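Chain by chain, the residues:
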Amino acid sequence: MSAIDDVFRELRAGGRKAFMPFVTAGDPDLEFTALVLVELARRGANLCELGIPYSDPIADGPVIQASYTRALARRVKLAQIFEMVGRERARLPIPIVTMVSYAIALRHGPADYVREAKAAGIAGMIVPDLPADESEQLAGICRGEDFSLVQLVAPTTPRERALRIARTSSGFLYYVSVTGITGERAALPQDLLDNVRWLREQTELPICVGFGISRPEHVRALAPVADGLIVGSAIVRRVAEAATRPRGQVLREVGDYVAELVGALG
Amino acid sequence: MSSTTSHSSATTDVPDAAGRFGAFGGRYVPETLMRALDELVVAYDEAKKDERFAAELDELLRNYVGRPSPLYYAKRLSEQCGGAEIYLKREDLNHTGAHKINNTLGQALLTLRMGKRRVIAETGAGQHGVATATACARFGLTCVVYMGEEDIRRQKLNVFNMRILGAEVRPVTSGSRTLRDAINEAMRDWMASVETTHYILGSVVGPHPFPLIVRDFQSVIGRETVLQCRRQLGRLPNLVVACVGGGSNSAGMFYPFIEHEKVELLGVEAGGRSSQPGDHASPLSFGAPGVLHGSFSYVMQDEDGQTSDVHSISAGLDYPGVGPEHSFWKDSGRVRYTFARDDEALSAFDALARSEGILPALESAHAVAKAIEAARGRPRDEAIVVCLSGRGDKDAYEVARLRGEAIA
Ligand SMILES: Cc1ncc(COP(=O)(O)O)c(C=O)c1O
């Protein structure tokens, strides 16, 4: 059981849904990332995904790619990211989940990665380039540490395979809403609600939907069928403005945007 | 590692069902792509069992590509070296001028079998892009090629040719603007288009089953060479040399020789300017096992797992990773890997031009450089085969620029 399980148990007891923003660690710098995390929690986020910058993110669209490139250009290191979370932990009432490429976790040593992340107060990890078939070893390590390993299901995943993936996921199950990379979309696929509803009936695990979500109407449509919603590029784009505009103002705008989406969750 | 005891572990019966060559390979890609990879495994398995598939590919290789490519005795070059005899496997004489067409025709036939009509590809030197555009023109498939901006600059001729062949060339401006970023961008396209599009990967890299499929389609190089050596030399060669970018011409050349344990195999990576990080593209010589582009293999990474920038004079070798089967061969000791520096490749480019009247691709010139070196140190009754993976026309502008000469 990680802090993620506790959050979903509480939300479910109250009949509520989770809002989960995504931010890139170190864009424009780690000090601002820390401020953003605290602000997101204050404005109603229930969990937060923290993107570990990676040089070759094939599942990411231009906005998140560019944020990773900027963070890496400033030489953000994994150890500094863990340090920052560890430092802010007392001010952060919500669980943090790292979104991290397997290239990074493997280079670091999967067991060390999990141990150090946990020591910093991080509750789990999403590894977008580690399909369930390849994740047995990491899943074993995570189980031993009560650290969540969140698996993903995509629109292209056959249903029988989706059930297998659901059985190996912990914390929650990440439903990728579109066939494609991350990035804001005007409209979400027609069959998305049906697919999430179907999966909802197959597993006890909370299901969170992400990729493409950016508007209050997306949130209103999905809230009835999902346990949580994930918003990435729309937030990363706003946070990135802190490189060129007054930081207090950017922080407030990010907060206002999150509060609007949280409001739409009902 | 003792090479005599470990040779036996370099089996040809790889990869396993999970795409593993020993510890290497696998599939490290987003879930979105997994179904397409599974479908590709099935389509390829069925194609392998279908005699008509083999016959159709065979006919194309013979009458469209011009196979078998000759095994040519480079007499003057050998005499100048004063040692072992050097033979060239002339992949440069293939239609489109390199080995890449062997793979793209095979994968284009697979595309048709899977009922897909759109193809995407990445390219470095532009040879794989041209070979893909050619196969797509031949079969009436829509073709989009991703190419780094830096490579578009150094391989102008191929860019123009791809467009004439009806392909759309999309410049890639992210990261190092070379082959690695072109693969990223092709993968991102595939994430969104996977239901209607086949990704024709150009080397033995990427997630399973690409390293298997590309090796198999390229193995025609080594199979022909084994036969030609028996016929022309009356025996197998002592040494076989090939350049290693992603590793497809070398894998195709080496694979049929793996079981012939007496034949030495030498892979030549791009040694660039120096052995300093960032100055070369030699992951097998200087890198460590890690994940890049969906596969676990030797790679140039920093201590955090970020892919390092690499350098080579040759766009086709300018890649921080390498196919997983090469990592397997390296660790088993069956293949030895070394590197040739930029200046060595340029000297070999000149040497082959002057001695034999053959302009090699800069990629292939890396293999020629190490073959010349080996020939000098070996007796006259030994034979060395070099995979001349491509011709050098595409490199004329870049070589001229490096020499400070202006052409067109
Ligand atoms: C002529 C030629 N040789 C070699 C290569 C390197 O690729 P590989 O190592 O996959 O054969 C290329 C790649 O563009 C090429 O064009």
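**Looking at the overall build of chain B**
Line of reasoning, step 1. From N to C terminus, chain B includes 17 helices and 14 strands.
Line of reasoning, step 2. On the principal axes, the C-alpha backbone points of chain B span a range of 55 × 50 × 50 Å.
Line of reasoning, step 3. Looking at chain B residue by residue over its 408 residues, the buried ones come to 66%.
Line of reasoning, step 4. If you take every contact in chain B between residues at least 6 apart in sequence, the share linking residues at least 24 apart comes to 75%.
Line of reasoning, step 5. Accessible area of chain B: about 14,200 Å², with a carbon and sulfur share of 49%.
Line of reasoning, step 6. Within chain B, the 52 negative side-chain charges are centred at a point lying 4 Å from the centre of the 46 positive side-chain charges.

**Side note on the interface of chain B and chain A**
Interface size is often expressed as the accessible area that is lost when the parts come together.
Line of reasoning, step 1. At the junction of the two partners, chain B supplies 35 residues and chain A supplies 35 residues.
Line of reasoning, step 2. At the boundary of chain B with chain A, total buried surface from both sides reaches about 2,900 Å², with 50% on carbon and sulfur atoms.
Line of reasoning, step 3. The three residues of chain B that bury the most area against chain A are Glu31(B), Arg188(B) and Asp304(B), which together make up 25% of that side's buried surface.
Line of reasoning, step 4. Where chain B meets chain A, there are five salt bridges.
Line of reasoning, step 5. Salt-bridge contacts for Lys77(A) lead to Glu303(B); the nearest nitrogen and oxygen are separated by 2.9 Å.
Line of reasoning, step 6. Elements with a contribution of two residues or more to the side of chain B that touches chain A: α2 (34-49), α9 (179-193) and β11 (288-292) of chain B.

**Things to note about empty space enclosed by the protein**
Line of reasoning, step 1. The final tally for this structure, using the stated rule, is six cavities of 30 Å³ or more.
Line of reasoning, step 2. Reported here for the largest cavity is a volume of approximately 310 Å³.
Line of reasoning, step 3. Surrounding the largest cavity, 29 residues form its lining, His99(B), Lys100(B), Gly246(B), Gly316(B) and Glu363(B) being those nearest its centre.
Line of reasoning, step 4. Class assignment for the residues of the lining of the largest cavity results in nine nonpolar, 16 polar and four charged.
Line of reasoning, step 5. Quantified by volume, the second largest cavity comes out at close to 260 Å³.
Line of reasoning, step 6. Lining the second largest cavity are 26 residues, with Asp60(A), Met99(A), Tyr174(A), Thr182(A) and Phe211(A) positioned closest to its centre.
Line of reasoning, step 7. Of all the elements in the fold, those that place two or more residues in the lining of the second largest cavity are α3 (62-73), β6 (173-176) and β8 (228-231) of chain A.
Line of reasoning, step 8. Taken together, the residues of the lining of the second largest cavity break down into 16 nonpolar, six polar and four charged.

**Quick notes on the packing of aromatic side chains**
Residues and elements named next belong to chain B.
Line of reasoning, step 1. Scanning the entire structure with this criterion turns up 14 aromatic pairs over all chains.
Line of reasoning, step 2. Taken together, a centroid distance of 5.8 Å and an interplanar angle of 70 degrees make the contact between Trp190 and Tyr199 edge-to-face. Across this residue pair, the class does not change: Trp190 and Tyr199 are buried.
Line of reasoning, step 3. One aromatic cluster in this structure is built from Phe24, Phe296 and Tyr298.
Line of reasoning, step 4. Above the face of the Phe139 ring, Arg138 is positioned so that its terminal group lies 4.9 Å from the ring centre.
Line of reasoning, step 5. Against the face of Tyr255 rests Arg215, its NZ or CZ located 3.8 Å from the ring centre.

**So, the sheet that holds strand β6 (residues 142-148) of chain B**
Residue and element names in this part refer to chain B.
Line of reasoning, step 1. Overall, parallel pairing links the four strands, which are arranged β7-β6-β5-β8 in an open sheet. The sheet is open, and its two edges are formed by β7 (168-172) and β8 (197-199), each paired on a single side. Here the average twist between neighbouring strands, direction ignored, is 25 degrees.
Line of reasoning, step 2. With three bridges connecting them, strand β5 (residues 118-123) and β8 associate as parallel partners. If you follow Arg118 over to β8, its bridge partner there is Thr197.

**Notes on the site of the ligand**
Residues and elements named next belong to chain B.
Line of reasoning, step 1. Taken together, 18 residues lie around the ligand, and Ser203, Gly245, Gly247, Ser248 and Ser389 are the ones closest in.
Line of reasoning, step 2. Contact distances for the ligand include 3.2 Å between an oxygen atom and a side-chain N or O atom of Lys100.
Line of reasoning, step 3. A distance of 2.8 Å separates an oxygen atom of the ligand from a polar atom in the side chain of Asn249.
Line of reasoning, step 4. With respect to the detected pockets, the ligand is housed in the largest cavity.
Line of reasoning, step 5. In terms of residue class, the shell around the ligand is made up of five nonpolar, 11 polar and two charged.

**Quick notes on the side chain of Ser2(A)**
Residue and element names in this part refer to chain A.
Line of reasoning, step 1. With respect to the element layout, Ser2 can be found in the segment before α1 (3-13).
Line of reasoning, step 2. On the basis of relative accessible area, Ser2 is assigned to the buried category, the value being 5%.
Line of reasoning, step 3. Residues in contact with Ser2, not counting those within four places in the same chain, are Ala123, Asp146 and Ser148.

**As for the packing of helix α8 (residues 159-168) of chain A against helix α9 (residues 192-202) of chain A**
Residues and elements named next belong to chain A.
Line of reasoning, step 1. Relative orientation of the contacting elements α8 and α9 amounts to 50 degrees, with a least axis distance of 11 Å. What the angle tells us is that α8 and α9 run oblique. Note on packing geometry: the crossing formed by α8 with α9 is right-handed. Here Arg159, Ala162 and Leu163 of α8 lie close against α9, whose contacting residues are Asn195, Trp198, Leu199 and Gln202.
Line of reasoning, step 2. Split into classes, the residues belonging to the contact of α8 with α9 amount to four nonpolar, two polar and one charged.

**Some points on unusual backbone geometry**
Line of reasoning, step 1. Of note, the bond from Arg67(B) into Pro68(B) is cis; its omega dihedral lies within 30 degrees of zero at -5 degrees.
Line of reasoning, step 2. Checked against the element boundaries, Pro68(B) lands in the loop between α3 (51-65) and β3 (71-73).
Line of reasoning, step 3. Note the cis peptide between His208(B) and Pro209(B), where omega equals 10 degrees.
Line of reasoning, step 4. Mapped onto the secondary structure, Pro209(B) falls in the loop between β8 and α10 (210-218).
Line of reasoning, step 5. With phi around 50 degrees, Asp146(A) is a residue other than glycine that occupies positive phi space.
Line of reasoning, step 6. Note that Asp146(A) resides in the loop between α7 (136-144) and β5 (148-153).
Line of reasoning, step 7. For Arg177(B), which is not glycine, the phi dihedral falls at a positive 55 degrees.
Line of reasoning, step 8. When its relative accessible area of 35% is taken as the criterion, Arg177(B) is described as partly exposed.

**Observations concerning the sheet that holds β3(B)**
Residues and elements named next belong to chain B.
Line of reasoning, step 1. Pairing in this open sheet of six strands is mixed, and the strands run β3-β4-β14-β9-β10-β13 from one edge to the other. Where the open sheet ends on each side, the last strands, each with one partner, are β3 and β13 (335-341). Taking each pair of neighbouring strands and ignoring which way they run, the sheet shows an average axis angle of 30 degrees.
Line of reasoning, step 2. Examined bridge by bridge, strand β9 (residues 239-243) and strand β14 (residues 383-388) share three bridges and lie parallel to one another. Within β14, the residue paired with Val241 across the bridge is Val386.

**Regarding the pairing of strand β1 (residues 18-24) of chain A**
All names here are of chain A.
Line of reasoning, step 1. The element β1 is extensively covered by neighbouring structure, given that seven of its seven residues are classed as buried.
Line of reasoning, step 2. Neither face of β1 is left uncovered, since the one carrying Ala18, Met20, Phe22 and Thr24 and the one carrying Phe19, Pro21 and Val23 both have all their residues buried.
Line of reasoning, step 3. As judged from the four bridges shared by β1 and β8, these two strands associate in the parallel manner. Opposite Phe19, over in β8, you have Leu229 as the bridge partner.

Here is what the cut-offs are and how they apply
- Residues numbered from 1 in each chain as written.
- Chains lettered and ligands numbered in written order.
- Predicted model: local features only at pLDDT ≥ 70, side-chain atom pairs only at ≥ 80, totals over all residues.
- Heavy atoms only, no water.
- Helix = DSSP H or I, 4+ residues; strand = E, 2+ residues; numbered from the N terminus.
- Buried < 20%, exposed > 50% of the residue type's maximum accessible area, 1.4 Å probe, protein only.
- Contact = heavy atoms within 4.5 Å.
- Areas by Shrake-Rupley, 256 points an atom, 1.4 Å probe, with all protein chains shown as cover.
- Lys, Arg positive; Asp, Glu negative; His and termini not counted.
- Charge placed at Lys NZ, Arg CZ, Asp CG, Glu CD.
- Buried area = accessible area lost by both parts, 1.4 Å probe.
- Salt bridge = Lys/Arg side-chain N within 4 Å of Asp/Glu carboxyl O.
- 1 Å grid on protein atoms, 1.4 Å probe; cavity = no way out; pocket = protein on both sides within 12 Å on 5 of 7 lines; lining within 4 Å.
- Points joined across faces, edges and corners; volume = space filled by probe spheres on them.
- Nonpolar A, V, L, I, M, F, W, Y, C, P; charged D, E, K, R; others polar.
- Phe/Tyr/Trp six-rings, centres within 6.5 Å; stacked < 30°, edge-to-face > 60°.
- Lys NZ or Arg CZ within 6 Å of the ring centre and 35° of its normal.
- Pairing = 2+ DSSP bridges.
- Axes fitted to C-alpha atoms, helices over the stretch in contact; angles between N-to-C directions.
- Near = heavy atom within 4 Å.
- Polar contact = N/O pair within 3.5 Å; in protein donor to acceptor, adjacent residues only side chain to side chain.
- Sits in = over half its atoms within 2 Å of the grid points.
- Parallel < 35°, antiparallel > 145°, perpendicular 65-115°, else oblique.
- Left-handed = near helix turned anticlockwise from the far one by under 90°.

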